[in-house]
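Observations on chain architecture
Read off the chains here:
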Amino acid sequence: MDEDIICAIATAPGRASIGVLRISGPSLAALARTLIGFPPKPRQAHYCDFRDAGGAALDQGIALFFPAPNSFTGEDVLELQGHGGRIVLESLRGRALSLGARQARPGEFSERAFLNGKIDLLRAEAIADLIDADSRQAARSAVRTLTGEFSRLIHGLGAHLTGLRVMIESAIDFSDSDIEVLEPEQLRRGLEDAIGRLERIRERSRQGALLNEGVNIVLAGQPNAGKSSLMNALSGESAAIVTPIPGTTRDVLSRRIEIDGLPMQLTDTAGLRRTGDPIEREGVNRAREAMAGADLILLVVDASRLANPGKAISAAEINAALGSLAGEATADEAAEDLFGRTTIVLNKIDLLGWEPKQTDVRCNGTSLPLVQLSALRGAGLDLLAEHLKDSIAYEGGEDAFAARGRHLEAIGEAGKQCGMALANLRGGHPLELIAEDLRLAQAALGRITGEVTTDDLLGEIFSRFCIGK
């Protein structure tokens with residue numbers, strides 16, 4: 001932990017009625033007195049001039065001084081709340097730099113709060129998640145984590161595992177005595193309780209990770225199947241150009257939408273076909289790259305082009321559509337991976353007088369979900385929205401925690417180790433193995449809150465924060 005004084009403009013760039021300069025570091029009282037002309041009283045708002053080197057006013061506003069350790073960072077903190085013009089704020093920042101402060105790195109204020117024990121790593125990350133929230137549900141899940149609910153569950157589970165380890169270690173220490181210090185049934189119940197609690201935390205965290213990271217959905221299919229029309233219908237705007245000319249879409253086009261609070265990234269792609277046009281061919285290549293990284297693929301098929309439009313889509317037509325999706329990877333494992341993430345969307349049913357429907361179709365022994373709709377008329381979009389939520393087991397996020405991939409990985413590791421401990425107990429294996437399983441489970445939980453971490457991980461996490469946080 002360095003002893004530098006750091007400063008940063010903590011409000012977004014641009015014109016505004018209020019702008020905030022934040023300063024944090026050891027022994028800020030002298031710097032504060034120089035900036036505002038008098039010693040500020042702790043935790044009181046002072047309306048005053050902010051002064052330059054000659055004593056002239058750079059701006060007028062509110063000065064707030066929070067002495068250590070009762071501040072966000074755990075250090076002395078001075079906030080100057082003045083007018084939000086760029087020149088005014090840059091002048092104040094320049095004055096602080098001239099008095100010995102340096103520009104803060106992204107996330108450095110939150111990093112110092114973590115290192116000084118004011119917040120744990122979960123709550124630090126929740127600050128960034130709250131700022132980046134794309135929906136009300138995502139914001140609520142971030143606030144839930146920020147207020148410490150997630151941390152309390154993790155710490156409580158860690159304390160539970162500690163109690164089980166004490167029980168086991170005591171039995172190991174007194175193994176040669178006649179004293180019975182370990183009740184196997186009590187240990188079994190304790191392990192099962194830990195596994196159940198981890199599963200509930202994992203599900204709430206998984207819902208939060210969906211809210212935090214969103215879902216990447218790619219629209220694919222042959223030219224003029226209605227991909228761009230579906231993109232416009234789902235996004236509620238004319239984001240993609242729609243014409244009857246095949247090959248109109250030649251590049252990937254993305255829009256962010258929200259379904260019941262769940263952010264989704266929609267990507268429209270070029271029609272999948274062989275073409276001699278080098279520009280369109282590059283568009284097809286980009287479409288395949290987008291599909292490779294998609295969470296879900298909507299394979300759009302034109303219902304009016306079916307061989308027998310009076311009936312449902314046939315297995316041969318499904319095969320043809322999947323073949324265009326997989327391209328040269330038809331017999332490859334990559335093709336199976338694509339199909340496992342694919343929903344067939346039978347579009348333009350209004351031309352056939354069909355009703356919207358969601359069902360499954362079987363092809364070569366494989367069951368694939370199918371939604372039939374009309375993107376132009378908006379019929380069946382509600383069925384598609386429900387199917388998308390069901391595909392990723394999204395439950396609305398009402399009880400979710402703001403979570404990230406690393407949290408889910410650590411919770412999964414803790415659950416695995418507790419499961420191994422239970423298996424070792426049931427198998428009559430040495431207590432030392434069970435104790436080691438629980439130690440590893442606790443270490444995994446410690447990585448979530450930052451009790452067990454590395455400098456590289458901290459650098460990666462806090463580098464993604466805003467400057468001024």
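Preceding block: the structure.
By convention here, each chain's residues receive numbers from 1 onward along its written sequence. For this predicted model, a pLDDT threshold of at least 70 governs which residues receive local features, and a threshold of 80 or more governs which side-chain atom pairs are given and counted, while totals over whole chains, interfaces and linings are taken from all residues. Water and hydrogen atoms were dropped before computing side-chain values, which therefore reflect all heavy atoms in the structure.

With respect to the overall build of the protein chain
To be explicit about the condition: Starting at the N terminus, helices and strands are each numbered in turn, a helix being any DSSP run of H or I of at least four residues and a strand any DSSP run of E of at least two. Only protein chains enter the calculation, and the probe is 1.4 Å; a residue is then buried if its accessible area is under 20% of its type maximum, exposed if over 50%, and partly exposed in between. The contact criterion used is simple: two residues touch if any of their non-hydrogen atoms lie within 4.5 Å. For the accessible areas, the method is Shrake-Rupley and the probe is 1.4 Å, while residue cover comes only from the protein chains on display.
Helix and strand counts for the protein chain come out as 15 helices and 13 strands. For the protein chain, buried positions account for 47% of its 469 residues. Summarising the internal contacts of the protein chain: among those between residues at least 6 apart in sequence, 67% fall at separations of at least 24. Total accessible area on the protein chain is roughly 22200 Å²; 51% of this is exposed by carbon and sulfur atoms.

Looking at the packing of helix α6 (residues 149–173) against helix α7 (residues 184–213)
Angle between the axes and distance between the axes are the two parameters that describe a pair of packed helices. The criterion, for reference: What counts as an axis is a line fitted to C-alpha atoms, over the stretch in contact for a helix, and the angles between N-to-C directions run from 0 to 180 degrees. Roughly parallel means an angle under 35 degrees; roughly antiparallel means over 145; roughly perpendicular covers 65 to 115; every other angle is labelled oblique. By definition, turning the near helix anticlockwise from the far helix through less than a right angle yields a left-handed crossing, and turning it clockwise yields a right-handed one. Three classes are used: nonpolar for Ala, Val, Leu, Ile, Met, Phe, Trp, Tyr, Cys and Pro, charged for Asp, Glu, Lys and Arg, and polar for all others, with Gly counted as polar.
The geometry of α6 relative to α7 is characterised by a closest axis approach of 11 Å and an angle of 160° between their N-to-C directions. When the axes of α6 and α7 are compared, the pair comes out roughly antiparallel. Here α6 runs over α7; the crossing is left-handed. Facing Glu149, Phe150, Leu153, Ile154, Gly156, Leu157, His160, Leu161, Leu164, Met167 and Ile168 of α6, the residues of α7 in contact are Gln186, Leu187, Gly190, Leu191, Asp193, Ala194, Arg197, Leu198, Ile201, Arg204 and Ser205. Taken together, the residues of the contact of α6 with α7 sort by class into 13 nonpolar, 5 polar and 4 charged.

A word on the pattern of salt bridges
Put simply, the test is: Criterion for a salt bridge: a side-chain nitrogen of Lys or Arg within 4 Å of a carboxyl oxygen of Asp or Glu.
In this structure the tally under the stated criterion is 27 salt bridges. Of the charged contacts in the structure, one is a salt bridge between Arg112 and Glu75, with a shortest N-O distance of 3.1 Å. In this pair, Arg112 sits in helix α3 (residues 108–115) while Glu75 sits in the loop between β4 (57–66) and β5 (76–82), placing the two residues 37 residues apart along the sequence. The closest approach of N and O atoms between Arg404 and Asp129, which form a salt bridge, is 2.9 Å. Taken together, the residues Arg404 in the loop between α12 (381–391) and α13 (405–426) and Asp129 in helix α4 (residues 121–132) connect sequence positions 275 residues apart. Judged by its relative accessible area of 6%, Asp129 is buried. Counted as one network, the salt bridges with shared partners bring together Asp4, Glu75, Arg102, Arg105, Glu108, Glu111 and Arg112.

Here we look at the sheet that holds strand β10 (residues 296–302)
Test applied: DSSP calls a pair of strands paired once it identifies at least 2 bridges connecting them.
Within the open sheet, the 7 strands sit side by side as β8-β9-β7-β10-β11-β13-β12. Their pairing is mixed. The open sheet terminates on both sides in strands that have one partner only, identified here as β8 (253–259) and β12 (357–363). Within this sheet the neighbouring strands show an average axis-to-axis angle of 30°, counted without direction. In this sheet, strand β13 (residues 366–372) lies alongside β12 in antiparallel orientation, the contact comprising 7 bridges. By the bridge assignment for β13, Arg362 is matched with Ser367.

Describing α3
Among the 8 residues in α3, 7 count as buried, and that is most of the element. Within α3, the full set of buried residues consists of Glu108, Phe109, Ser110, Glu111, Arg112, Ala113 and Phe114. Following α3 by one or two positions, Gly117 adopts a phi angle in the positive range, close to 75°.

A closer look at the packing of aromatic side chains
To keep it simple, the criterion reads: Only centres within 6.5 Å qualify two rings of Phe, Tyr or Trp (six-membered ring in Trp) as a pair; their planes then separate them into stacked at under 30 degrees, edge-to-face at over 60, and tilted for everything else. Ring-over charges, as used throughout, are those where CZ of Arg or NZ of Lys falls within 6 Å of the ring centre and within 35 degrees of the ring normal.
A complete count under the given rule lists 1 aromatic pair for this structure. Here Phe150 and Phe401 contribute two aromatic rings whose centre-to-centre distance is 4.5 Å and whose plane-to-plane angle is 5°, an arrangement assigned as stacked. Here Phe150, found in helix α6, pairs with Phe401, found in the loop between α12 and α13; they are 251 residues apart in sequence, far enough to count as distant. In this structure, Phe150 and Phe401 share a single accessibility class: buried. The ring of Phe109 carries the charged tip of Arg22 above its face, separated from the ring centre by 5.6 Å.

Digging into the pairing of strand β2 (residues 19–25)
In terms of burial, β2 is a largely internal element, 7 of the 7 residues being buried. Pairing of strand β1 (residues 6–9) with β2 involves 4 bridges; the strand directions are antiparallel. When the bridges of β2 are listed, Cys7 appears paired with Ile23. Across 7 bridges, the pairing between β2 and β5 is antiparallel. Directly across from Arg22, in β5, lies its bridge partner Glu79.

A closer look at the side chain of Thr449
Tracing the chain through its elements places Thr449 in helix α14 (residues 431–449). Contacts of Thr449, omitting those with residues within four sequence positions, involve Phe114, Asp120, Leu121, Leu122, Ile154 and His155.

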